Amino acid sequence: MLDLLAASEPAQLLPARSQMAFTLMFHIILVPLGVALPAIMLIAEHKGLKHRDRAALTLARRWSHVAGVTFAVGAVSGTVLSFEMGLLWPGLTGKYGDVFGLPFAIEGIAFFLEAILVAIYIYGWKRLTPWTHFKLGLPIPFVALVGAFSIIAANSWMNTPAGFTPGPDGWPTDIDPIAAIFNKALPWEFLHFACAAYMAAGFTVASVYAVGWLRGRRDRYHRLGFLIPFTVAAIVTPLQMVVGDLIAVWVFQEMPVKFAAMEVVTNSGTHQAEIFFGRYDSATNTVSGGLRIPDLNSILAGNSPDTYVQGLDAVAPADRPSNVNVVHWAFDIMVGIATLLMLFVIWFAWHYWRKREFPQSKLFLWLAASAGVLTYIAIEAGWIVTEVGRQPWIVYGFERTSSAVTGADGIWLSFAVVVVLYLLLAVGTVAVIRAMARRWRRADLGDFVDEAVPYGPRPEVEAAGSEKAPS
């Protein structure tokens, strides 16, 4: 942070980065639900239709409503991000827009297509034949992945720029947008984020029903509500561990400075120790404290303690990430949570394999209730590693962040306005979802009949405890 306040850097850099970080960290909360929740609700609907399971169909219908709400809120926060890209970083969009702009156009098409499909799916309950309704929902998860793919393509291009040649004046020439999309980092970042999205959505939805189970609501509705999303997350978690290890090795090979910050490697050489946490001092390029395991970092990077690992000393201080401690701690938090979730999944799988039931102990249920929050913390930490670890570059190796920021004044004011608006948006979203949950809970208790009510304007619940749905 102190580096950002250096006198040689534009005054707009710190507020611009702060505003961008805040809006990204807000928006990324909604993305996993938009990407993975449609698949989870379709699994529930398929189970409900195939086995005539009323509880599964109820879950699918209710999850589709939550997906609709979070999709709408994500559209708002995502639109703000699009404007911020142009307003806060004209040196990026103005100079390199022709190179990496195509993924944003693809994302726009995917967004509108997903909006139409989600609307048809929600409106189609009880208006379409059951299997027709299910089949119309099948494209939603794939369209959602296309949208995520396009955004990840743009971000991965910032890490491994491709599809252009710098001209004599520094501006891109020989532009190839397709090569820009399919840059070297794309497959790793996309796989990593897709797995994270399914983990976050699965564990988060399951955590709701784990809390219900802890409160004594031990019926089929809560059992399925836990098992379906938790199983999805449990299947993806081992895959994420493999992808995470591969992408770390890839970063070691392709982005050695970022890797040095992630692992807080100060001096280049072999036999590098793995350091958990600790505190990096940029003035002396040293680390104090933390837990050290000799040789482990070299072994993880190249399968041998003799593996040479480039340290932060290999580049000038001005070319190192702006805050090594933030990058290193975020990386350790992400890996630590992933390891904990992997052990948790092994516990679940072992118990379910032996008894065909998930563990009923309070420890397991409390961990299950916390798993969604933990996964989101890991996602935010991973995004910090990606973005802060790339600094001081906005386009790695080509364009510094400080040269791309706007020269306009008033960024702190716009940041304050965005914070207030997003907080109101967050409060409104939570209030709507809680109101939906209370309504469903009252329906489950028999206060009114919810099952036959079409998805249009609903009669007032409070008006009649014996209210019946229209036929």
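Residues numbered from 1 in each chain as written. Predicted model: local features only at pLDDT ≥ 70, side-chain atom pairs only at ≥ 80, totals over all residues. Heavy atoms only, no water.

A. Geometry of the overall build of the protein. Check the secondary structure of the protein and you find 15 helices and 8 strands. A compact globule built from 471 residues would reach a C-alpha radius of gyration of about 23 Å, and the protein, at 24 Å, matches this within 12%. Dimensions of the protein, computed from the C-alpha atoms along their principal axes, are close to 75 × 50 × 40 Å. Of the contacts formed within the protein by residues at least 6 apart in sequence, a portion of 74% connects residues at least 24 apart. Accessible surface, the protein as shown: approximately 21,700 Å² in total, 68% of it carbon and sulfur. In the protein, which carries 34 positive and 35 negative side-chain charges, the distance between the mean positions of the two groups comes to 16 Å. (Helix = DSSP H or I, 4+ residues; strand = E, 2+ residues; numbered from the N terminus. Rg over C-alpha atoms; globule rule 2.2 N^0.38 Å. Contact = heavy atoms within 4.5 Å. Areas by Shrake-Rupley, 256 points an atom, 1.4 Å probe, with all protein chains shown as cover. Lys, Arg positive; Asp, Glu negative; His and termini not counted. Charge placed at Lys NZ, Arg CZ, Asp CG, Glu CD.)

B. Seen up close, helix 13 (residues 362-390). Here helix 13 is 29 residues long and its end C-alpha atoms lie 42 Å apart, about the 42 Å a rise of 1.5 Å per residue gives. At A371, helix 13 shows its strongest bend, of approximately 40°. (Expected span 1.5 Å × (residues − 1). Bend = angle between axes of the 7 residues up to and from the residue.)

C. Here's a closer look at the pattern of salt bridges. In total, this model carries 7 salt bridges according to the counting rule given. Among the ionic pairs, D319 bridges to R400, the shortest N-O distance being 2.2 Å. In this pair, D319 is assigned in the loop between helix 11 (296-302) and helix 12 (324-355) and R400 in strand 8 (residues 399-400), connecting sequence segments 81 residues apart. For D319, a relative accessible area of 24% puts it in the partly exposed group. The exposure class assigned to R400 is partly exposed, which follows from its relative accessible area of 28%. (Salt bridge = Lys/Arg side-chain N within 4 Å of Asp/Glu carboxyl O. Buried < 20%, exposed > 50% of the residue type's maximum accessible area, 1.4 Å probe, protein only.)

D. Highlighting the environment of I106. Its location among the elements puts I106 in helix 4 (residues 102-124). Through-space distance from the C-alpha of I106 to that of I151 is 8.8 Å; in sequence the pair is 45 residues apart. Residue contacts for I106: discarding those within four places in its chain leaves V146, S150 and I181.

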